[in-house]
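The lines below spell out each chain.
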Amino acid sequence: MRIITSPDPLLREVCEPVEIGDKSVKRLAKQMLREMYKDDGVGLAAPQVGVLKRIVVIDTQWPQEDEKGRPMKKNPLVFINPEIIEHSDERVKNLEGCLSVPGISCEIERWSWVKVKCFDENFNEVIREGDGLFGRCMQHEIDHLDGITLFERLSPLDRLAKLEEYKAAVERGAKPGEC
Ligand SMILES: [Zn+2]
């Protein structure tokens, strides 16, 4: 498994829904999580590993520390066929990186809170909601399933500037996980 990077055309494809009960999903999600942890990411979508299916993995807990400064326990979450069913009116801007766009980060405006309906890895229907990093991450990863990367979320002017910055990052050999 390898993380594909922009401008690979696979990142611009709209992904197919997963068939309910598809047994291959559990193994794929496990491999995606392993890859995500290896590259110090907090989220990964299946198209980023070249699989055009609506699967996302997220863990925004593990890079944080508890009140005693110890690393938090891992909390891997699998999202199958995720859909945003509710969101805040408020939108907030914050910096985002992406394993498929190594070497740069972009200020992106997102809803400050979202509620997402999906299936977990056992095909139980679950509702997950969140703000902060988790809410932002869910929106970022669901964008990937619709072929939307960081660049498509920027204004035309910002996009040009960031594409230049990204070109320079690629030339100096930036690897997934670098922001
Ligand atoms: Zn991404």
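As the structure is a computational prediction, the values presented were derived from the model and not from experiment. Residue positions are counted from 1 within each chain, in the order its sequence is given. Since the coordinates come from a predicted model, pLDDT governs what is reported: local features require at least 70, and pairs of side-chain atoms require 80 or more to be given and counted, while whole-chain, interface and lining totals use all residues.

A.B. asks: I'd love a proper account of the overall build of the protein chain, names of residues and values included.
C.D. replies: Each helix and strand counted, the protein chain has three helices and seven strands in total. Each helix is a run of DSSP H or I of at least 4 residues and each strand a run of E of at least 2, with the numbering of both proceeding from the N terminus. Secondary structure elements of the protein chain occur, N-terminal to C-terminal, as α-β-β-β-β-β-β-β-α-α. What the globule rule says is 2.2 Å times the number of residues to the power 0.38, and the radius of gyration is computed from C-alpha atoms. The C-alpha atoms of the protein chain give 16 Å as radius of gyration, which agrees with the globular expectation for 179 residues (16 Å, within 12%). In terms of overall dimensions, the protein chain has a C-alpha envelope of 45 × 40 × 35 Å along the principal axes. Burial is judged by counting the other C-beta atoms within 10 Å of a residue's own C-beta: 20 or more makes it buried, 12 or fewer makes it exposed, and any count in between marks it as partly exposed, with every C-beta position built from the backbone. Considering the protein chain as a whole, with its 179 residues, one finds that 34% of them fall into the buried category.

A.B. asks: Residues and numbers for the nonpolar core, please.
C.D. replies: Where a protein is soluble and globular, its nonpolar side chains tend to be buried together. Ala29, Met32, Val56, Val57, Ile58 and Phe79 are the most contacted members of the largest nonpolar core, which has 38 residues in total. With six residues, helix H1 (residues 24–38) is the largest single contributor of residues to this core. Sequence-distant contacts of Ala29, that is, excluding residues within four places in its chain, are made with Ile55, Val57, Val78 and Glu121. For the purposes of this analysis, a nonpolar core is taken to be any set of buried Ala, Val, Leu, Ile, Met, Phe, Trp, Tyr and Cys residues that are connected through C-beta atoms within 7 Å. By definition, residue pairs are in contact when their C-beta atoms, positioned from the backbone, come within 7 Å.

A.B. asks: Explain the sheet that holds strand S2 (residues 55–58) to me, and be specific about the residues and the numbers.
C.D. replies: Note on pairing: DSSP must find at least two bridges between two strands before they are called paired. The strand order across the open sheet formed by five strands is S1-S2-S3-S6-S7, and the pairing between neighbours is antiparallel. Taken across any chain shown, the strands that pair with only one partner, and hence form the sheet edges, are strand S1 (43–45) and strand S7 (125–131). For this sheet, the mean angle separating the axes of adjacent strands, direction not counted, is 40°. Note that strand S3 (residues 77–87) and strand S6 (residues 113–119) share five bridges and pair antiparallel. When the bridges of S6 are listed, Glu83 appears paired with Lys117. Axis angles are defined between N-to-C directions and span 0 to 180 degrees, where every axis is a line fitted to C-alpha atoms and, for a helix, only to the segment in contact. On top of the sheet, H1 reaches S1, S2 and S3; it is set at about 40° to S2, its chief contact.

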